Amino acid sequence: MKISYQSMSVLLVDPVSTGIDTLSDYLKEFAFYRVYTAKSVDEALKLLKDRPVNLVISSWKMQPLSGYQLLESVRKDDQLKLLPVLLMIDRKDKLLEDKGAMGGASGFLNIPLKPDAVIKTVEQVLAPFVDEQEEEYMLHYAAARKAVRHRDWDEAIKEFQAALEAKEDVKVRMALARALKQKGDMADAEQAFKEVLRSDGDALAAYSGLASVLQETGRLHDALRVLQGAEAVAARLQGSGKVNAHIHFYMGEIELQLKMIKEALAHFKQASVEDADNTELQIKIGDALLNNDLHEESEQYYEKALDMNPELAHVYNRLGIAYRKQQKFSMAIGLYEKALQFHPDDEHLYYNLARSHWERQEPSQACKWLEKSLKINPKFKDAERFLSGIQSQKSQAPPPGKESGAEGSGVAPDPVPQQLVSKPKKE
């Protein structure tokens, strides 16, 4: 069976490390799948028994066994006898070349090695085993993946399309669809995801990709219908809990956007059950609910995440926000104080504690926590403005400040009004 260079493995045999390094460098152009190395005949034969190899390049001069003896062993082995073997010899030693040819060597590399000669000889020896169409496909696919790593979406799209011209492959078409989406070409991305689904109706990742395109272009009902199709496929395939959880979570997010609260809550619950040990999933569900002002509903997911990992200060903070927005100030304060047991040097936790005390009309306590926050970080401008606002005004006006950022433990901001006012303002 013919394959591409990128699917081949090569074994280099040389007792001298610099020789192996030089040869490896010359062979980089082929982008072989694996390049194995050995420093003796015994080591090489052991590797050949354990690993699939498509080409051996060996030094002739080795001790105690030579490269010629390696060649003899390969040709006597029924499983290895057809394996191409190149021998590295001194260009002036014609006797060795004649002996090697008689022993069945596939070719020779003259020492000192020359890059062009090495490439030409390897190409000639492997030509009968190389599928040119597959090689073209693999070259373009490798170039496309490199472009993706550099976030060069135009180049990635061009190379993915060239790979598809050489050979149709659902994997590449899926990668093309994602690159088109990353570039912002939503119409072509939508078409590409649909082409994947026409080729493979069970491609759950294509359902998610298509739904994301529809969601980003404001077609929420269409996105939801696509995910319902994915849900049915996943049920039929009896997919993994993680896959099912992803689909249910995504459906819940879109349903929240559509104000389908009952349906969203049902899908979030199902996602939580499907991937019950996924702490991040519980947090994501809690965040989605909190961001949509479903404060009470978010609590159970944050609490579940904290049961899994009690040191997650940012989860204490988010649950604290949920409590505070329901005016459960004591519960919010208790959570922040517990988070401080794990992260005593996080100034944002002190800041958010102050916010809860302020709303509970305890300005002196709020000042205490703000002073501790500023002791940790004297350059914390929001805390400074907050404290100044309390000290300069005895009214119940909310203090100033922008949202405090997340650092250290990853505490999320607890929003506060933007400027000092003379009357209380709602958030």
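Up top is the structure.
A brief report on the enclosed structure follows.

1. A few points about the sheet that holds strand β1 (residues 9-13)
Part 1: Read across the open sheet, the five strands follow the order β2-β1-β3-β4-β5; overall the sheet is parallel. In this open sheet, the two strands that pair with only one neighbour each are β2 (34-38) and β5 (107-111). Across the sheet, the mean angle separating the axes of adjacent strands is 20° when strand polarity is ignored.
Part 2: Where β1 lies against strand β3 (residues 55-59), four bridges are found, and the strand directions are parallel. Within β3, the residue paired with leucine 11 across the bridge is valine 56.
Part 3: Contacting β1, β2 and β3, helix α2 (residues 41-50) crosses the sheet at an angle of about 145° to β2.

2. Section: the packing of helix α18 (residues 347-359) against helix α20 (residues 381-392)
Part 1: Interaxial distance between α18 and α20 falls to 11 Å at its minimum, and their mutual angle equals 25°. Comparing the axis directions of α18 and α20 gives the class roughly parallel. Between α18 and α20 lies a crossing of left-handed hand. Where α18 approaches α20, its residues Tyr351, Ala354, Arg355 and Trp358 are matched on the opposing element by Asp382, Ala383, Phe386 and Ile390.
Part 2: Partitioned by chemical class, the residues of the contact of α18 with α20 number six nonpolar, no polar and two charged.

3. Some points on the packing of helix α9 (residues 186-199) against helix α10 (residues 204-216)
Part 1: Look at α9 against α10: their axes get within 9 Å of each other, and the N-to-C directions meet at 155°. Compared by their axis directions, α9 and α10 come out roughly antiparallel. Crossing handedness for the pair α9 and α10: left-handed. Facing Met186, Ala189, Glu190, Phe193, Lys194, Val196 and Leu197 of α9, the residues of α10 in contact are Ala206, Tyr207, Gly209, Leu210, Val213, Leu214 and Glu216.
Part 2: Counted by class, the contact of α9 with α10 contains ten nonpolar, one polar and three charged residues.

4. Some remarks on the packing of aromatic side chains
Part 1: In the structure shown here, the tally under the stated rule is eleven aromatic pairs.
Part 2: Ring centres 5.6 Å apart and planes at 40° place the aromatic pair phenylalanine 249 and phenylalanine 268 in the tilted group. With phenylalanine 249 in helix α12 (residues 241-257) and phenylalanine 268 in helix α13 (residues 261-274), the pair connects residues that are 19 residues apart, well separated along the chain.
Part 3: Looking at phenylalanine 268, the relative accessible area reads 0%, which means it is buried.
Part 4: Ring geometry for tyrosine 316 and phenylalanine 342: centres 6.3 Å apart, planes at 20°, overall stacked. Taken together, the positions of tyrosine 316 in helix α16 (residues 313-325) and phenylalanine 342 in helix α17 (residues 329-342) put the pair 26 residues apart, joining distant regions of the chain.
Part 5: The class for tyrosine 316 is buried, based on a relative accessible area of 3%.
Part 6: Residue class for phenylalanine 342 comes out partly exposed when judged on its relative accessible area of 32%.
Part 7: Three or more aromatic residues joined by ring pairs make a cluster, and in this case those are Tyr5, Phe30 and Phe32.
Part 8: The ring of tyrosine 33 carries the charged tip of arginine 34 above its face, separated from the ring centre by 4.5 Å.
Part 9: Over the face of the ring belonging to tryptophan 369 we find lysine 368, whose NZ or CZ atom lies 4.4 Å from the ring centre.

5. Quick word on the pattern of salt bridges
Part 1: Per the counting criterion, the structure on display carries 22 salt bridges.
Part 2: Residue lysine 167 pairs with glutamate 134 through a salt bridge whose shortest N-O separation is 3.0 Å. Taken together, the positions of lysine 167 in the loop between α7 (153-166) and α8 (170-183) and glutamate 134 in helix α6 (residues 132-149) put the pair 33 residues apart, joining distant regions of the chain.
Part 3: Salt-bridge contacts for glutamate 190 lead to lysine 194; the nearest nitrogen and oxygen are separated by 2.9 Å. Placement of both glutamate 190 and lysine 194 in helix α9 is noted, with a separation of four residues, approximately one turn of the helix.
Part 4: Using a relative accessible area of 12% as the deciding quantity, one classes glutamate 190 as buried.

6. Considering α12
Part 1: Taking 1.5 Å of rise per residue, 17 residues should cover 24 Å, and α12 covers 24 Å from first to last C-alpha, within 8% of that figure.
Part 2: Listing the buried residues of α12 in full gives Asn244, Ala245, Ile247, His248, Phe249, Tyr250, Met251, Gly252, Ile254, Glu255 and Leu256.
Part 3: Residues of α12 that are buried sit in contact with α10, α11 (220-237), α13 and α14 (279-291).

7. Looking at the pairing of β1
Part 1: By the criterion of burial, β1 is predominantly enclosed, with five of the five residues buried.
Part 2: Burial of β1 is two-sided: the residues Ser9, Leu11 and Val13 facing one way and the residues Val10 and Leu12 facing the other way are all buried.
Part 3: Where β1 and β2 come together, five bridges link them in parallel fashion. Of the residues in β2, the one forming a bridge with leucine 11 is tyrosine 36.
Part 4: As a crossover connection, the stretch from β1 through helix α1 (residues 17-26) into β2 is right-handed.

Cut-offs used in this document
In this convention, every chain numbers its residues from 1, walking through the sequence in written order. Since the coordinates come from a predicted model, pLDDT governs what is reported: local features require at least 70, and pairs of side-chain atoms require 80 or more to be given and counted, while whole-chain, interface and lining totals use all residues. Just so you know, side-chain values use all the structure's heavy atoms and leave hydrogens and water out. For two strands to be treated as a pair, DSSP must find no fewer than two bridges joining them. The helix count covers DSSP runs of H or I at least four residues long, the strand count covers runs of E at least two residues long, and both are numbered beginning at the N terminus. An axis is simply a line fitted to the C-alpha atoms; with a helix, the fit covers only the stretch in contact. Between two such axes, the angle follows the N-to-C directions and lies from 0 to 180 degrees. In what follows, residue pairs with any heavy atoms lying within 4.5 Å of each other are defined as contacts. By definition in this entry, angles of less than 35 degrees are roughly parallel, angles greater than 145 are roughly antiparallel, angles of 65 to 115 are roughly perpendicular, and the rest are oblique. Handedness of a crossing is defined here by the sense of rotation of the near helix relative to the far one, left-handed for an anticlockwise turn of less than a right angle and right-handed for a clockwise turn. Lys, Arg, Asp and Glu make up the charged group, whereas Ala, Val, Leu, Ile, Met, Phe, Trp, Tyr, Cys and Pro make up the nonpolar group; the residues left over, Gly among them, are polar. Ring geometry is summarised as follows: Phe, Tyr and Trp rings, the Trp one being its six-membered ring, pair when their centres sit within 6.5 Å, and such pairs are stacked at plane angles under 30 degrees, edge-to-face over 60 and tilted between the two. Buried residues are those whose accessible area, probed at 1.4 Å on protein chains only, stays under 20% of the maximum for their type, while exposed residues exceed 50% and partly exposed ones sit between those limits. Our definition puts a charge over a ring when NZ of Lys or CZ of Arg is within 6 Å of the ring centre and also within 35 degrees of the ring normal. In the sections that follow, a salt bridge refers to a side-chain nitrogen of Lys or Arg positioned within 4 Å of a carboxyl oxygen of Asp or Glu. Helix span, as expected, comes to 1.5 Å for every residue beyond the first. The handedness rule is simple: strands pointing away from the viewer, and a clockwise path from the first strand over the helix to the second, make the crossover right-handed.

Function cannot be read off these values alone, since they describe shape.
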